[in-house]
Amino acid sequence: MSQCYEKVCDLAHLIAFAEEIKNKLGNSGVLLLRGNLASGKTAFVKAFAKTLGLEEAISSPTFSILHEYDEKLFHYDIYQCGSNGFLQSGLIEKLDVEGYHLIEWGDAEFEKLLHHFGVEYSTIDIETMDLKRNYKVHINAYA
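All residue numbers refer to position in the chain's written sequence, counted from 1. In keeping with the predicted nature of the model, local features appear solely for residues at pLDDT of at least 70, side-chain atom pairs appear and are counted solely at 80 or more, and the whole-chain, interface and lining totals rest on all residues. Only hydrogens and water are removed before side-chain values are computed, so all heavy atoms of the structure are retained for them.

Going by what an unreviewed UniProt entry lists, the protein chain is known as tRNA threonylcarbamoyladenosine biosynthesis protein TsaE and is assigned to Sulfurospirillum multivorans. You can read under Subcellular location (unreviewed entry) in the UniProt record for the protein chain the words "Cytoplasm". UniProt positions are given in the numbering used here, feature names are shortened, and annotations may be inferred rather than shown by experiment.

**Student:** Honestly, the pairing of strand β3 (residues 66-69) in this entry has me stumped. Any pointers?
**Tutor:** Summarising the sheet, β3 and strand β4 (residues 73-77) pair through four bridges and their orientation is antiparallel. For His67, the partnering residue across the bridge sits in β4 and is His75. Between β3 and β4, which follow one another and run antiparallel, lie three residues, and Asp70 among them has a positive phi close to 55 degrees. By definition, two strands form a pair when at least two bridges between them are found by DSSP. Each helix is a run of DSSP H or I of at least 4 residues and each strand a run of E of at least 2, with the numbering of both proceeding from the N terminus.

**Student:** Please clarify how unusual backbone geometry should be interpreted in this entry.
**Tutor:** Most peptide bonds adopt trans geometry, and most residues besides glycine take a negative phi value. A positive phi angle, close to 75 degrees, is found at Ile65, a residue other than glycine. Here Ile65 lies in the loop between α2 (41-51) and β3. Here Trp105, not a glycine, exhibits a phi torsion of approximately 75 degrees, which is positive. Burial classes: relative accessible area under 20% of the type maximum marks a residue as buried, over 50% as exposed, and values in between as partly exposed (1.4 Å probe, protein chains only). Judged by its relative accessible area of 22%, Trp105 is partly exposed.

And the structure:
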């Protein structure tokens, strides 16, 4: 069932918010993170990793497209490659692997790609507000 809501959160409460999102996704899921440069997409992934008990340093996979963490968290950044590059890389098949797939820069074109392959996903649109962020959450945007 689709669920939409907004939440304003600062960095001090980001792990609790990430835990909330993890609980809504269940045991795995594809989550598109959208927002301007420096809006906090990677910061959200870092907080999400902490909810999974991951202690590794999390960094954005801007040029490698994908960083995997303990076969639980798959962190993608498709800013450089776009939907076509993602498809050509063969990473669309990776989305079938059990775990959390957090994808930075998943725009409308990328959503069409996921629709085409029947991949269920959720979205978070991030807007900056001084030291806080407004998160527009859509759980099961396409299921």
